Amino acid sequence: MVSTILRQTFLQQSRSPSIRQISYSCRRLNGALKSGPSHNSVNPDEIAHFSKLSSEWWDEQGEFSFLHKMNPVRMQFIRDRIFEVAQEENPGLSSKPHQALQGLDILDVGCGGGLLSESLARMGANTLGIDASQSNIAIASSHASADPALKPASGRSNLRYRNAPAETLLLEPKRYDVVCSMEVLEHVENPADFLSTCAELLKPGGHLFLSTIARTPTAYFLTILVAEDILGKVSKGTHTYAKYIKPSELLDYFRDYHSPPNNQLKTSPPVSSRPWITSPSSTTYLNRSEADIRGLIYKPLAARWSLAPRDAWWALECNYMLWVRKPKEPYAAAR
Amino acid sequence: MPLSRTTTGRFANRIFRQSLTAQRYQSTGIPSSEVIDTDVVIVGGGPAGLALASTLGSSESIRNNLKVTLVDGGDLSKIKTWNAPPTSFSNRVVSLTNKSKAFLTDIGAWDHVDEARTNAVEHMQVWDGVSDARIEFDAQDLQLTRVNNGMATLTEILNLQRALLRHLDNLPNIQLLHRTKVTSITADSEDKGSWPLIHLDNNSTLRARLLVGADGFNSPVRTFAQIPSFGWGYNTQAIVATLVHPPRGAFEGPNTTAYQRFLPTGPIAFLPLSPTMSSLVWSTKPALAAALQAADPNVLAIMINAAFRLPHLSMKYLHQRILESHAAGISILPDTLRQELQFREQSHAVGPTSAYSSLQIIGGQQGIPPADSEMVPPLVTQIQAGTVASFPLKYNHAETYLGEGVGARTVLVGDAAHTIHPLAGQGLNLGLGDVESLANCITATIATGGDIGSYTSLLRYSQSRYLANHTVMSAVDKLHKLYSTDSDAIVWARSVGVEVLNELDSVKAAMMMSAGADFGNVAPPSWSASGWNIAASGVEILAKATKTAEAVGNTLTSTIGANLSTFIRSTRP
């Protein structure tokens with residue numbers, strides 16, 4: 001019964017994807033994941049959409065309240081993965097989890113109003129937030145300037161913002177310990193190019209953190225039908241179902257992904273380098289030193305997000321986070 | 001970019017406004033050289049404010065990350081150097097639950113409390129002044145993890161405040177600005193998410209990431225944050241005093257029993273502090289409180305003894321005498337009152353050797369004490385000079401604990417957030433619960449790099465405290481209302497109700513928490529809240545029974561009704 005209603009609703013919604021669109025989007029993604037030539041991943045319509053909303057970024061009870069609530073959980077995931085790896089590589093480490101980000105160079109791609117960037121900077125990371133929308137960067141800078149711990153004039157600030165697409169940073173020599181891109185993947189034009197850009201901006205052994213929405217009926221129901229259309233909590237047009245990416249697609253991308261040599265601009269990757277994820281897609285098992293994928297669950301009664309446990313694959317139906325690590329030695333032969 | 005001109009114009013405008021705000025802060029208003037950026041500003045140096053400062057100072061992650069300042073208009077050094085002889089006690093005493101005490105121990109403040117001046121409550125006697133229905137609480141009924149703790153610990157507020165100040169002496173990162181008044185609080189911009197500016201009378205201004213109102217019932221911080229609060233006065237005044245009495249005899253227990261009798265005018269409570277000293281909290285009608293305060297201290301002592309012993313009818317008559325002589329401007333003499341009392345006791349068949357006589361020969365209690373002597377507190381012989389005071393009782397609960405709009409980055413704790421009737425001794429315990437929760441919330445926010453003044457991060461605090469406080473507050477409020485009447489029908493329901501409560505272990509356990517006990521570490525963390533829910537629903541049932549009884553009482557003829565209640569009362573011990 002429910003599924004019938006759901007299906008009908010799908011067909012009735014003017015913006016809802018038809019079966020053809022879904023299969024198109026799969027082809028689009030698969031095609032995109034294999035595509036070679038470099039495109040700018042910025043989608044002008046998406047930039048216009050978020051520019052319009054930019055002044056809302058810091059209204060904690062408004063449009064972006066869900067993101068504000070999600071932020072501590074994202075930070076917890078980022079902090080714990082980095083801390084865990086640091087501890088594994090250096091068992092004598094005496095620092096505590098909340099010191100894990102201190103001194104790291106972190107790039108926040110698609111920083112929006114700076115929700116994540118500010119938190120990263122507060123935890124001691126040298127943070128650069130970039131966004132393709134000039135107005136987002138203006139809001140992010142203005143908000144940080146009201147905070148004595150973050151405003152650039154204070155001298156102790158480790159937070160900077162730039163209005164630039166990620167691709168431009170590839171032209172510079174600087175590479176990062178951590179690259180984060182939160183709720184951006186579902187808004188970019190060319191996800192495969194975007195992912196490889198993020199991957200190449202990392203130092204060897206660096207951490208990539210992504211969060212996005214799975215292309216499932218659950219996600220359609222919650223993020224578009226309920227959040228945008230029924231409750232109106234999120235502006236219409238914020239999400240496009242066809243752009244959602246399934247966790248398995250993202251994992252498969254990194255099972256195929258090999259770092260290009262010397263982090264130079266895209267050349268064909270040497271076959272000998274190890275892919276970022278070595279465990280086969282036939283298993284749900286992920287090597288804990290390579291990658292981790294977790295669902296984010298919203299608890300309406302507590303009005304709080306929480307991180308699903310490691311093996312909770314059911315939680316990957318909607319919002320989820322991926323951590324994947326760039327191999328330290330890109331030339332090491334695959335085992 | 002496919003942006004229409006109007007849209008571009010609109011958002012450009014917004015950005016313009018935003019950057020204007022930023023400029024205004026930097027270039028206009030108070031010269032920025034005098035604005036001191038601070039992370040946490042606590043307004044109010046009462047027990048809740050000092051406890052919060054101590055808690056923040058005792059957490060390593062907070063100490064290393066945040067600049068904390070406490071502002072108080074009074075002279076806190078007087079409290080820090082407070083030194084009273086062991087034979088005298090301050091009249092402001094609080095009952096700390098074991099949970100509160102464990103919390104104060106955890107933050108390292110309890111070590112600075114002069115424990116010789118505190119007293120563990122081992123036993124409680126609570127009874128209805130009209131029907132004499134009684135509930136007894138014993139610390140041994142509780143599976144306490146630490147036996148010596150009792151159900152609750154009584155301490156002078158000054159002893160606690162002094163301990164917190166001494167503790168803060170060891171925490172140099174917490175700045176104490178005492179003898180400094182807050183002249184005004186303003187927002188640094190008109191936009192959402194503004195920062196509060198706290199203007200002080202020493203011509204400096206603090207700009208706070210988080211402003212904490214721990215400034216009591218008339219909280220100026222609450223006013224600034226435009227947080228409405230909801231409540232009422234009880235038309236009741238609480239008289240406090242330090243009482244002197246002979247020690248308990250060899251055949252009685254030590255002075256570790258707290259007594260509370262619910263008179264229709266309000267509850268009277270006897271809180272033991274030492275073998276020969278105890279504290280009084282007598283809630284009564286304002287006119288009566290004024291008359292008792294104006295009377296000879298010996299008259300007050302006699303009235304206190306009578307209030308724990310004399311049947312309600314005679315107590316009502318004595319109240320009338322006190323009120324009449326006060327109105328006539330004559331002070332009633334202790335001897336006149338004693339004669340009055342003698343006559344009353346004779347007519348109630350209370351012999352001079354009975355535990356219920358207020359006229360026993362003081363000091364002549366050698367040997368075997370009268371039967372039931374532990375059902376009532378020891379006879380008060382004297383009131384410590386200068387300790388009689390009174391204050392009006394109120395119920396008040398802020399609509400929210402978090403400021404919004406111009407009041408952004410503001411949070412309320414303790415009495416600024418809620419004021420409660422003292423009959424269950426919960427006021428400060430709720431405040432300490434707030435402090436613990438807020439400190440946890442701040443620690444959790446720091447651990448994920450959040451902004452501790454942001455609405456989202458503070459939501460965790462208000463979620464964990466608002467309903468918990470509300471449950472306790474409404475249960476206490478209903479208890480007060482239930483016991484503030486002498487209507488036969490309600491008294492009947494009440495006596496049945498209390499006796500029923502006595503039988504129900506779970507409800508009794510919850511009621512014990514009202515007196516300040518806890519179940520130690522064996523109980524799950526949610527226990528205290530659910531205990532209060534049980535208590536609240538117990539009181540709810542009682543209130544419903546009262547309404548039914550009232551309805552029944554109205555339909556019966558008055559004779560039958562009176563006979564019925566007399567009959568029921570006569571079957572009670």
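Residues numbered from 1 in each chain as written. Chains lettered and ligands numbered in written order. Predicted model: local features only at pLDDT ≥ 70, side-chain atom pairs only at ≥ 80, totals over all residues. Heavy atoms only, no water.

Caption draft 1: Representation of the overall build of chain B within the structure. Each helix and strand counted, chain B has 17 helices and 19 strands in total. For chain B, the proportion of its 573 residues judged to be buried stands at 55%. Excluding contacts between residues fewer than 6 apart, the proportion of contacts in chain B whose partners are at least 24 apart in sequence is 75%. For chain B, the accessible surface area stands at approximately 24000 Å², while carbon and sulfur atoms represent 55% of it. (Helix = DSSP H or I, 4+ residues; strand = E, 2+ residues; numbered from the N terminus. Buried < 20%, exposed > 50% of the residue type's maximum accessible area, 1.4 Å probe, protein only. Contact = heavy atoms within 4.5 Å. Areas by Shrake-Rupley, 256 points an atom, 1.4 Å probe, with all protein chains shown as cover.)

Caption draft 2: Broad picture of the confidence of the model for chain B. Residues and elements named next belong to chain B. Looking at chain B, pLDDT values average 80 and 75% of them are 70 or higher. Per-residue pLDDT stays below 50 along residues 1–33; that stretch engages in 33 contacts with residues further than four places along the chain or on separate chains. Of the regions scoring below 50 in pLDDT, residues 500–507 engages in nine contacts with residues more than four places distant in sequence or in other chains. (pLDDT = per-residue confidence, 0-100.)

Caption draft 3: Broad picture of the sheet that holds strand β6 (residues 291–299) of chain A. Residue and element names in this part refer to chain A. The sheet built from eight strands is open, its strands ordered β3-β2-β1-β4-β5-β8-β6-β7 with mixed pairing. The open sheet has two free edges, formed respectively by β3 (159–163) and β7 (304–307), since each of these has just one partner strand. Here the average twist between neighbouring strands, direction ignored, is 20 degrees. Looking at chain direction, strand β2 (residues 126–131) and β3 are connected through five bridges and run parallel. Each residue of the ladder has a partner; that of Leu-128, found in β3, is Arg-160. Each of β2 and β3 is contacted by helix α6 (residues 134–145), which is oriented at about 160 degrees to β3, the strand it contacts most. (Pairing = 2+ DSSP bridges. Axes fitted to C-alpha atoms, helices over the stretch in contact; angles between N-to-C directions.)

Caption draft 4: Expanded view of the UniProt feature "binding site: S-adenosyl-L-methionine" (unreviewed entry) in chain A. All names here are of chain A. Residues given the UniProt feature "binding site: S-adenosyl-L-methionine" (unreviewed entry) here are Arg-74, Gly-110, Asp-131 and Met-182. With respect to the element layout, Gly-110 can be found in the loop between β1 (105–109) and α5 (115–122). Leaving out residues up to four positions away in the same chain, Gly-110 has contacts with Ile-130, Asp-131 and Val-184. Mapped onto the fold, Asp-131 is located in strand β2. (UniProt positions renumbered as here; feature names shortened; annotations may be inferred.)

Caption draft 5: Region of the structure containing the sheet that holds strand β3 (residues 93–97) of chain B. Residue and element names in this part refer to chain B. On the basis of which strands lie adjacent, the open sheet formed by three strands has the order β3-β7-β4 and antiparallel pairing. Looking at which strands have only one partner, the edges of the open sheet turn out to be β3 and β4 (119–121). The mean inter-strand angle of the sheet, taken between neighbouring strand axes irrespective of direction, is 35 degrees. In terms of strand pairing, β3 meets strand β7 (residues 152–156) through five bridges, oriented antiparallel. By the bridge assignment, Leu-96 is partnered in β7 with Thr-153. Docked against the sheet, helix α6 (residues 157–169) engages β3 and β7, running at close to 85 degrees with respect to β7.

Caption draft 6: Expanded view of the packing of aromatic side chains. Counted under the stated rule, the structure contains 18 aromatic pairs over all chains. Taking 4.0 Å as the distance between ring centres and 10 degrees as the angle between the ring planes, the aromatic pair formed by Trp57(A) and Phe64(A) counts as stacked. In this structure, Trp57(A) and Phe64(A) share a single accessibility class: buried. For the pair Trp232(B) and Tyr395(B), a centre-to-centre distance of 4.4 Å together with 5 degrees between the ring planes defines the contact as stacked. (Phe/Tyr/Trp six-rings, centres within 6.5 Å; stacked < 30°, edge-to-face > 60°.)

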